[in-house]
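Examining the three-dimensional arrangement
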Amino acid sequence: MSTIPAPEAHWSIKIPALLFGSLAIIAIVGGKKAVVFCLLLALMATGMPISIALGLTVLTFLFTMTNVPIESVALKLFTGIEKFEIMAIPFFILAGNFLTHGGVARRMIDFATSMVGHFHGGLGLAGVLACALFAAVSGSSPATVVAIGSILLPAMIKQGFPRQFGAGVITTAGALGILIPPSIAMVMFSVATNTSVGALFMAGVIPGLMLAFFLGLTTWWRARKFGYPRMPKATAGERWGAFRRSVWGLMLIVLVLGGIYTGVFTPTEAAAIAAVYAFIIAVFVYRDLPLSRVPKVLLDSASMSAMLLYIITNAVLFSFVMTNEGIPQAMADWLLSMGLGPITFLLAVNILLLLAGNVMEPSSIILIMAPILFPVAVKLGIDPIHFGILITVNMEVGMCHPPVGLNLYVASGITKMGITELTVAVWPWLLTMLGFLLLITYVPAISLWLPRAMGMM
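Throughout, residues of each chain are indexed from 1 in the direction in which the sequence is written. Where local features are concerned, this predicted model is filtered to residues with pLDDT of at least 70; where side-chain atom pairs are given and counted, the filter is 80 or more; whole-chain, interface and lining totals use all residues. Note that water and hydrogens are dropped before the side-chain values are worked out from all heavy atoms of the structure.

As for a nonpolar patch on the surface
Like charges are joined within 9 Å and nonpolar side chains (Val, Leu, Ile, Met, Phe, Trp, Tyr) within 5 Å, but only among residues with over 30% relative accessible area and no salt bridge; these make up the patches. Areas reported here follow the Shrake-Rupley algorithm with a probe of radius 1.4 Å; residue values treat only the protein chains shown as occluding. For this analysis, a salt bridge means a side-chain nitrogen from Lys or Arg found within 4 Å of a carboxyl oxygen belonging to Asp or Glu. Residues Ile343, Leu347, Ile351, Leu355, Leu438, Leu439, Tyr442 and Val443 make up a contiguous nonpolar surface patch of about 680 Å² in total accessible area. Broken down by secondary-structure element, the contributors of at least two residues to the nonpolar patch are α16 (342-356) and α20 (419-442). Helix and strand assignments come from DSSP, with helices taken as H or I runs of at least 4 residues and strands as E runs of at least 2, each series counted from the N terminus. Counting residues per element, the nonpolar patch draws most heavily on α16, which supplies 4 residues. Examined against the element boundaries, Ile351 turns out to sit in helix α16. According to the relative accessible area criterion, Ile351 is partly exposed, its value standing at 44%. Note on exposure labels: buried denotes an accessible area under 20% of the residue type's maximum, exposed denotes more than 50%, and partly exposed covers the range between, all computed with a 1.4 Å probe on protein chains only.

In structure tokens form, the structure reads like this:
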């Protein structure tokens, strides 16, 4: 089974974009305030990981350009990461790793194939459905690509599907891992903006199911157009058998989301329960994960959690410096002085986040951009939950296009295809995702109806 790369394992960046960004920031905030961003961009241009670039930027600025007592920085660092919601991140990562290595993905694929395999492009449709199911228990997009793609792609190629078609399906459908709850990206947005994690999870359900449907529709249409294989229709008995074999994994969806939405436990408690449950079914129920491999899973999960928490720690310091210098307020006033209404502002946010997706990975974008853009959105009357879903969908798109699309690199390791070839392969589904982004942006009811109906807003 392939391992999930660290969030910064494949950092690359475009120098012209950085130069343009530096000039824009200088024009907006001016003076020494612009040094914060320009220094950050310059460090990233060297290929330095974003977390280290953030930390060096903050330390350089604090010791050379401000009179902020270092004691207050230490206090802010401690209080900034002392949030109960942050504990959900390592637990969801651990649960996802147990499920990835524990045979849950294979049984979900079998169940999905029995349900939709007889349509045009049956295995491709099964891949979309399996990604949606696995997303509802993992919270991670790369984990979804690894778990589903490493099993399904060889089967698709063996059945006669072009490698590019299978890679396009899995790369983009795997992005559902951060939209269908539980979602690590939503937890990070909550940490950055103090928004309700439970409401965000609820708001992601309908958009996640809609995007899965649109990606499946694109898959079906291309399979029908090019005459790709379909499988014999499964009998009721075969479907029931596949469901019974996958029911322990599917029950985790009910356990986590049902527990959160009924108020039995918080999202953070749900993450801990998910990790324990995933361990039990992987080791003792399905018995696909021997006890001898559990320490390796724990170590991989700890490594990935440490990387994300290190990014969060440095992002908290960076946010403190920006707030102390009044940078978010200056940028908010500049945007509002331009007379941007909600429609134009949301379009500008989409363009900005899509451009940021060219040079940064999702966790860094959320932790840096959300504190800057969120106050403007609130002033313009944009609902915080809707704004969080909009950012999450932007992160999905960013994970599927170069040069820093993490899903592309994960899929490249599975398919042995180059990034350029993969980029061409994902375009039909990527265009579908861009169209869906516009729909989510300007129809907030899609995101807000369910949390309002459940009384969470």
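Structural notes on the nonpolar core
In this description, a nonpolar core means a group of buried Ala, Val, Leu, Ile, Met, Phe, Trp, Tyr and Cys residues linked to one another through side-chain atoms lying within 4.5 Å. Grouped together as the largest cluster of nonpolar side chains are 158 residues, with contacts concentrated most on Ile148, Phe318, Phe345 and Phe387. It is helix α14 (residues 294-325) that contributes the most residues to this core, 13 residues altogether. Contact criterion: two residues are considered in contact whenever any of their non-hydrogen atoms come within 4.5 Å of each other. Setting aside anything within four residues of it in sequence, one finds Ile148 in contact with Ala105, Ile109, Gly127, Ala130, Cys131, Phe134, Leu153 and Ile170.

Some points on the packing of helix α12 (residues 236-261) against helix α13 (residues 267-285)
Orientation is described by lines fitted to C-alpha atoms, with helices fitted over the stretch in contact, and by angles between N-to-C directions that extend from 0 to 180 degrees. Between α12 and α13, the shortest axis-to-axis distance is 10 Å and the interhelical angle comes to 165°. Judged by the inter-axis angle, α12 sits roughly antiparallel to α13. Crossing geometry of α12 relative to α13 is assigned as right-handed. Counting all contacts with α12, which are made through Trp248, Gly249, Met251, Leu252, Leu255, Val256 and Ile260, the residues of α13 involved are Pro267, Ala270, Ile273, Ala274, Tyr277, Ile281 and Val285. Residue polarity is assigned by list, with Asp, Glu, Lys and Arg as charged and Ala, Val, Leu, Ile, Met, Phe, Trp, Tyr, Cys and Pro as nonpolar; anything else, Gly included, falls into the polar class. Of the residues in the contact of α12 with α13, the class split is 13 nonpolar, 1 polar and no charged. Under this scheme an angle from 65 to 115 degrees is roughly perpendicular, one under 35 degrees roughly parallel, and one over 145 degrees roughly antiparallel; angles in between are oblique. Note on convention: near helix rotated counterclockwise from far helix by under a right angle means a left-handed crossing. Clockwise means right-handed.

Digging into α12
An expected span of 1.5 Å times one less than the residue number is assigned to each helix. With 26 residues, α12 extends just 32 Å between its outermost C-alpha atoms, more than 12% less than the 38 Å of an ideal straight helix rising 1.5 Å per residue. Taken together, the buried positions of α12 are Gly241, Ala242, Ser246, Gly249, Leu250, Leu252, Ile253, Val256, Leu257, Gly259, Ile260 and Tyr261. Of the surrounding secondary structure, the elements contacted by the buried residues of α12 are α5 (88-101), α6 (104-116), α7 (122-138), α11 (197-226) and α13. Looking at the residues trailing α12, positive phi occurs at Gly263, about 80°.

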